[in-house]
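So the chains spell out like this:
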Amino acid sequence: MARKLQTQANGNLTPSVIVRNWVGGEERDATGGVRFDSRSASNQVDVVGTAPLSGMEDVEAACRAAAAAYPAWSATPAPVRGEIVGRIGEAISHHKELLSKLVCREIGKSMKESRGEVQEVIDTAHFFQSEGRRLYGQTVHSEMPNKELFTYRRSLGVAGMITAGNFPIAVPSWKILPAILTGNTVVWKPSEDAPVIAYLFGRIMEEAGVPAGVVNIVHGAGGGGAGEAILACVDKGLIQKISFTGSTAVGRKVGEVCGRNLQIPSLELGGKNPMVVLRDANIDVAVEGALFSGYGTAGQRCTSLGNLILDKPIAAEFKARLLKRLSEIKIGDVTKSEDVLYGPMINQRFYENFMKHFEMGKADGARLLTEKHGRITKENAPANFVGDPDAGYYVFPTLWEGVTADMKLSQTEIFGPVVTVMEVDGFAEALAAANCAPYGLSSSCYTMNPTDILRFKNGIHAGMTSINNTTNGAEAHMPFGGVGWSGNGTRESGVWVIDAYTRWHAVNEDLAGKLQLAQMDVDFGETKEPTDLSFLA
Ligand code: UN1
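Let me sum up the structure you'll find in this document. The residue numbering used here restarts from 1 in each chain and proceeds along that chain's sequence as written. At least 70 in pLDDT is required for a residue's local features to be given in this predicted model, at least 80 for side-chain atom pairs to be given and counted, and no such filter applies to totals for whole chains, interfaces and linings, which use all residues. Side-chain calculation: all heavy atoms of the structure are included, whereas hydrogens and water are not.

1. Quick notes on the site of the ligand
Then step 1. Surveying the vicinity of the ligand reveals the residues Glu120, Asn166, Phe167, Val171, Trp174, Arg301, Cys302, Thr303, Asn472, Gly473, Ala474 and Phe480.
Then step 2. In the model, an oxygen atom of the ligand is placed 2.8 Å from a nitrogen or oxygen of the Cys302 main chain.
Then step 3. One nitrogen or oxygen atom from the side chain of Thr303 is found 2.6 Å from an oxygen atom belonging to the ligand.
Then step 4. Accessible areas in this description were obtained via Shrake-Rupley with a 1.4 Å probe; residue shielding takes into account the shown protein chains only. Out of a free accessible area of 320 Å², the ligand has 95% covered by protein chains.
Then step 5. When residue character is reported, Ala, Val, Leu, Ile, Met, Phe, Trp, Tyr, Cys and Pro are called nonpolar, Asp, Glu, Lys and Arg charged, and the others, Gly included, polar. In terms of residue class, the shell around the ligand is built from six nonpolar, four polar and two charged.
Then step 6. These domain limits were set by an automatic method or by a database of domain assignments. Residue-level mapping places the shell around the ligand at the junction of two domains, with at least three residues from each of domain 1 (7–269 + 491–501) and domain 2 (273–475). Only a single heavy atom is needed: when it lies within 4 Å of a molecule or strand, its residue is near that molecule or strand. Under this definition, polar contacts are N or O atom pairs within 3.5 Å; protein pairs additionally need one hydrogen-donor-capable and one acceptor-capable atom, and for neighbouring residues in sequence, both atoms have to be side-chain atoms.

Okay, structure coming up:
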């Protein structure tokens, strides 16, 4: 029978959830006994839940539980593992609306986007359910008779996962579902911004039949906390694979630890995603694309629009129209209205980091096109603001112009509702500007010209490209990941992520009944004398 969710009153209409670690199929508090609050990003008074602040001992226990579960799980037939992954998708579908409301409540994402995020988990589960009936290896011809060659995918062992708060359930599902489908077991440290969503995801996995210890969840902080402890467990030999989504700075550290242990981590890092709008583009469509790419989720997506690259003949009109749309959008408490384009900054750190970029832009000599900046308060709130601005970290949308490739503003990921406009003359300059930042996650180009479409697809340095669409829009069956500072070349989603959680095993079976050595005992026959073609000369 399903366990009852433990909650406590928190003064709000909805009680707060008592989150525990999930280790070896059991709920546990952290050994230190310390807990932290997860407050709604929209309204810092609403305690969505309290969660254990775990440390090294808790993470080690989770690694041991994952290692204990590994032999049986990796030996479970892949179609059976796939069936369980599929049931996770069914259970998420069953709870979709409630989970979407929780994503909205805990991290402050609009309901439309929250529903999209939960749908992404369902799509991922259904995709990997059927992969359980594929996981193909190959039969390969040998150089020698009576000998057969095979390739098999083998699982890696215990996979440690560290995820961010901006996609608190979709991105974890991109990692956990293919990892367990391919036979690995998992220790997951979710974002401290979203422990309740993570806890319920764990409960749903349990409900769907994920055996004890196959997925273990340890809550707590990143640096100096459970996240760092997971990395320490790589050095201790307790973890065979790391998958990390977060900043480029932390990704480099993860890469160092994994590198010295001869492991390849999956790193999904930052972006400064360009959107090019050429003179022949459908401006109506492009303005809406820029609005959603730049300001949806308050710009807190790794695929958010950074540099908006406008072709000179349409630049003035485009900026005017984008500014008009920015004056019309609703900002505010996403739990109170479904029409809000974006809600709060997810936490104080993201807010403070966003505020720092104004100094950078001024030092660069760029110009602000938007009028009001920084934190939205009761005194300065736009007329259509929804809810109480002082209750969360709400900020005005920001648009800069006069940005060039030599400015910090065009090179730095800001992670907030801000777009930096670069103006160019024609395709060649547009492509150069689109490639000016050291990142290369996503990209977009608006044009109706097939030659420019082809040239953009071939010339852009990015892991993902949209033609006439936003910089977002990953789908569960397409590869997700970047180049340059956006990652290390590993990919999530689709068939490509399977390479991240398996290694190839080459096997040969010799039934010849005698020793026959590759290369040495191979009979290629003799070449005859060359045919005399001299009479043709
Ligand atoms: C992220 O920001 O880490 O395509 C992932 C998108 C989303 C995924 C973003 N579906 O923007």
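Still more ground to cover, so stick around.
2. Re the pairing of strand E20 (residues 418–424)
Then step 1. Counting buried residues along E20, six of its seven residues qualify, which places the element largely inside the surrounding structure.
Then step 2. Following DSSP output, two strands are said to pair if at least two bridges run between them. Only DSSP runs of H or I covering at least 4 residues are called helices, and only runs of E covering at least 2 are called strands; the numbering of each starts at the N terminus. Sheet topology note: the strand E15 (residues 305–311)/E20 ladder contains five bridges and is parallel. Counted as the bridge partner of Leu310 is Glu423 from E20.
Then step 3. Bridge count between strand E19 (residues 398–401) and E20: three bridges; the pairing is parallel. In the strand pairing of E20, Leu399 is matched with Val419. Per-residue accessibility, obtained with a 1.4 Å probe over protein chains only, is compared with the maximum for each type, and a residue is labelled buried under 20%, exposed over 50%, and partly exposed between these values.

3. Focus on the packing of aromatic side chains
Then step 1. Any two of the Phe, Tyr and Trp rings considered here, Trp counted by its six-membered ring, make a pair once their centres fall within 6.5 Å; the pair's planes then place it as stacked at under 30 degrees, edge-to-face at over 60, or tilted in between. Counting across every chain of the model gives 10 aromatic pairs.
Then step 2. Judged by centre distance (4.5 Å) and plane angle (55°), the ring pair of Trp174 and Phe480 falls under tilted. Taken together, the residues Trp174 in helix H5 (residues 170–181) and Phe480 in the loop between strand E23 (466–467) and strand E24 (483–484) connect sequence positions 306 residues apart.
Then step 3. Here Trp174 falls in the buried class, since its relative accessible area comes to 5%.
Then step 4. Look at Phe480 and you get buried, because its relative accessible area is 5%.
Then step 5. With 5.6 Å between their ring centres and 80° between their planes, Tyr439 and Trp485 make a pair best called edge-to-face. Residue Tyr439 is located in strand E21 (residues 439–440), and its partner Trp485 is located in the loop between E24 and strand E25 (502–510); the two are separated by 46 residues in the primary sequence.
Then step 6. Take Tyr439: its relative accessible area is 14%, and that puts it in the buried class.

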